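Fold and contact review
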Amino acid sequence: MQKKYRIKKSTEIEKVMKRGRSRANSYFIIYKCINKEIANPRLAISVGKKVGKAFERNKVKRYVRNITIEHLNEINPDYDYFVIARKGVKELDYAECKYQLEQLYKKIGMIPKS
């Protein structure tokens with residue numbers, strides 16, 4: 001994912017969590033906060049140590065990035081997003097992870113419902 005689509009600073013992530021709305025399912029939590037200063041959507045991903053070892057956490061982050069990149073042209077550019085993976089996500093294969101994340105993206109209004 002290109003740098004212009006990433007949120008890296010912890011202060012910006014905290015802002016998204018404090019000011020934004022959130023939606024969740026049993027595998028992910030997504031926070032969404034308006035940001036009209038930047039012309040493209042930005043994303044931060046967090047996978048805690050409770051999810052598993054480093055290779056499992058990295059796999060989940062790759063899944064989330066790939067799924068997001070697939071929908072990049074559909075994502076509303078006026079918002080910043082923060083995706084948090086929950087404990088049971090490491091048992092999901094790519095297809096199930098994609099389904100769960102896309103349902104949550106639609107629920108929060110990140111991508112249009114089809």
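Structure: see above.
Let me begin by describing the structure that accompanies this report. (Residues numbered from 1 in each chain as written. Predicted model: local features only at pLDDT ≥ 70, side-chain atom pairs only at ≥ 80, totals over all residues. Heavy atoms only, no water.)

A rise of 1.5 Å per residue sets the reference length of helix α3 (residues 94–108), with its 15 residues, at 21 Å; its end C-alpha atoms lie 21 Å apart and thus fit the reference within 8%. Buried within α3 are the following residues: Cys-97, Gln-100, Leu-101, Glu-102, Leu-104, Tyr-105 and Ile-108. Packed against the buried residues of α3 are β1 (21–24), β2 (28–34), α2 (54–70) and β4 (79–85). (Helix = DSSP H or I, 4+ residues; strand = E, 2+ residues; numbered from the N terminus. Expected span 1.5 Å × (residues − 1). Buried < 20%, exposed > 50% of the residue type's maximum accessible area, 1.4 Å probe, protein only. Contact = heavy atoms within 4.5 Å.)

Moving on, we come to the sheet that holds β4. Ordered by their spatial adjacency, four strands build an open sheet running β1-β2-β4-β3, and the pairing between neighbours is mixed. Both edges of this open sheet fall to β1 and β3 (42–47), since each of them pairs with a single strand only. When strand polarity is set aside, the average angle formed by the axes of neighbouring strands in this sheet is 15°. Running over the sheet, α2 touches β2, β3 and β4 and is turned about 155° from β3. Along the sheet, α3 contacts β1, β2 and β4; its crossing angle with β2, the most-contacted strand, is approximately 35°. (Pairing = 2+ DSSP bridges. Axes fitted to C-alpha atoms, helices over the stretch in contact; angles between N-to-C directions.)

What follows deals with the pattern of salt bridges. The full count for this structure, using the stated rule, is five salt bridges. For the salt bridge of Lys-36 with Asp-78, the shortest nitrogen-to-oxygen distance reads 3.9 Å. Pair noted here: Lys-36 is in the loop between β2 and β3 and Asp-78 is in the loop between α2 and β4, with a separation of 42 residues, a long-range link. A salt bridge links Glu-56 to Lys-90, with the nearest nitrogen and oxygen atoms 3.9 Å apart. On the criterion of sequence distance, the pair formed by Glu-56 in helix α2 and Lys-90 in the loop between β4 and α3 is long-range, its members being 34 residues apart. Judged by relative accessible area, Lys-90 falls into the partly exposed class, the value being 29%. Within the structure, one salt-bridge network assembled from shared partners comprises Glu-12, Arg-42 and Asp-80. (Salt bridge = Lys/Arg side-chain N within 4 Å of Asp/Glu carboxyl O.)

Geometric descriptors of this kind do not, in isolation, establish any biological role.
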